[in-house]
Every structure is written in structure tokens, then in C-alpha cells.
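# Fold and geometry: a report
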Amino acid sequence: KKGMGLPKDQLTVRAELLERLKQRDQAMILYVSLLGGLWAFTFGGKTSDLRLLLIVPIIALAFTFLAVYHDLNIHYLNKYLKVRNGGWENSESRREYANGVGPRLYGFVQMLVFGGSSLAALLANVYLGFVGSEVFFFVFWWFSAVLTVGIFLMLVGVRLWRHQ
């Protein structure tokens, strides 16, 4: 079913939508891999300096921006297809999916991966007492904490905006 009976513009939008979905998922896989490497580097050496983990919120924020960018584009591409085509968007299967656990679970996973990893890195530094050891790390910890709050707010805000 190569064309599926859709006009060329809708096939192009559908292809773009599928590519955005792939890229969003690949970005999360890349972040998890990068995070795993960073944690392994931090704990794998002779000296485990957890202050290195304070860069996790900065990296997480970059990947959160990327994920949100793809989410917004996916939303608008879906909207375009909904207006132009009564097929999938108006089907019973789509309504069941939209009201089901899938989209909520993906949003939860994004918050857990991006926000949770940032929070874990911050708490590890608090637990081991690195926060107050030097002024630079104290300031950097608070900067990272603000970024972590921003990550959670951005992810929650996009979810609320999409479901208006």
C-alpha cells in the first residue's frame, strides 16, 4: 500500500511525521547512551568525582529542547493530516490510542529520563557533600538545579498545551 490513496502533499507530511517520530526516539536513545557513558566514566576511574555529573542537567536540557521541538512538529503535522484527511485522525483506533496509556507513558518516560537523571546527579552531589566544597561548584549546582526545574516545567507545559 505505497500510496494508501492519499494525495502527494499528505504522503509528504506523513513521511515527515514518521521521520520526526524516529528522530525523537533516536535522540532519547542517544541521551541514555551518553548518560551511561558519563556515569561509567565518573564511577569507573580511580577517583570518582561526582561533581562531573553536574553537567548532566545541561546535557539533559539540550536533549529536552530537541525532544520538545520534535513533539511540537509532530503535533502540527498530525493536526495538518487531521484537517486534510478524515482517516487515522478521526478513527476509533486513534481515539483509543490518544486516550490510552501510550502518550502518557511516553511523557512520563521523557520526564524520568531527562528530569530524573538531572535530579539524580544533583542529589548525588548533595549526598556526598560536594555542593558546599567550593564556591564554583556551589553556584554551578544551583545553576544545574534551575535547569532541572526548567526541564520538568518544559515537559509538563508541552504536555498540557498539546491536550488543550
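Each value, and the rule that gives it
- Residues numbered from 1 in each chain as written.
- Predicted model: local features only at pLDDT ≥ 70, side-chain atom pairs only at ≥ 80, totals over all residues.
- Heavy atoms only, no water.
- Helix = DSSP H or I, 4+ residues; strand = E, 2+ residues; numbered from the N terminus.
- Buried < 20%, exposed > 50% of the residue type's maximum accessible area, 1.4 Å probe, protein only.
- Contact = heavy atoms within 4.5 Å.
- Areas by Shrake-Rupley, 256 points an atom, 1.4 Å probe, with all protein chains shown as cover.
- Core = buried A, V, L, I, M, F, W, Y, C linked by side-chain atoms within 4.5 Å.
- Expected span 1.5 Å × (residues − 1).
- pLDDT = per-residue confidence, 0-100.

## Considering the overall build of the protein
For the protein, the count of helices and strands is 5 helices and 0 strands. In the protein, the succession of α and β elements from N to C terminus is α-α-α-α-α. Here the protein holds 164 residues, and 36% of them are scored as buried. Contacts spanning at least 24 positions in sequence make up 78% of the contacts within the protein whose residues lie at least 6 apart. Per element, the accessible surface of the protein, about 10,100 Å² overall, is 69% carbon and sulfur.

## Comments concerning the nonpolar core
Core analysis: the largest hydrophobic core is formed by 22 residues, its most contacted members being Tyr31, Leu53, Val56, Phe114 and Ile151. Counting only elements with at least two residues in this core, the list comes to helix 1 (8–44), helix 2 (56–84), helix 4 (101–127) and helix 5 (135–162). At 6 residues, helix 2 tops the list of elements feeding residues into this core. Filtering out sequence-adjacent residues up to four positions away, Phe114 remains in contact with Met28, Tyr31, Ala60, Phe63, Thr64, Ala67, Ile151 and Leu155.

## Re the environment of Ser48
Tracing the backbone shows Ser48 in the loop between helix 1 and helix 2. We classify Ser48 as partly exposed; its relative accessible area is 40%. Other than its neighbours up to four places away in sequence, Ser48 contacts Thr42 and Phe43.

## Let's talk about helix 1
Taking 1.5 Å as the rise per residue, helix 1 with 37 residues should run 54 Å; its terminal C-alpha atoms sit 53 Å apart, in good agreement. Here helix 1 has its buried residues at Gln10, Val13, Leu17, Arg20, Arg24, Ala27, Met28, Tyr31, Leu35, Leu38 and Thr42.

## Quick notes on the side chain of Thr148
In this structure, Thr148 sits in helix 5. The residues contacting Thr148, other than those within four sequence positions of it, are Pro57, Gly115, Ser118, Leu119 and Leu122.

## Considerations on the confidence of the model for the protein
Confidence in the prediction of the protein, expressed as mean pLDDT, is 81, and 80% of residues score 70 or more. Here helix 3 (residues 92–98) stands out as the element of the protein with the lowest mean pLDDT, 62, in contrast to helix 1, whose mean of 88 is the highest.

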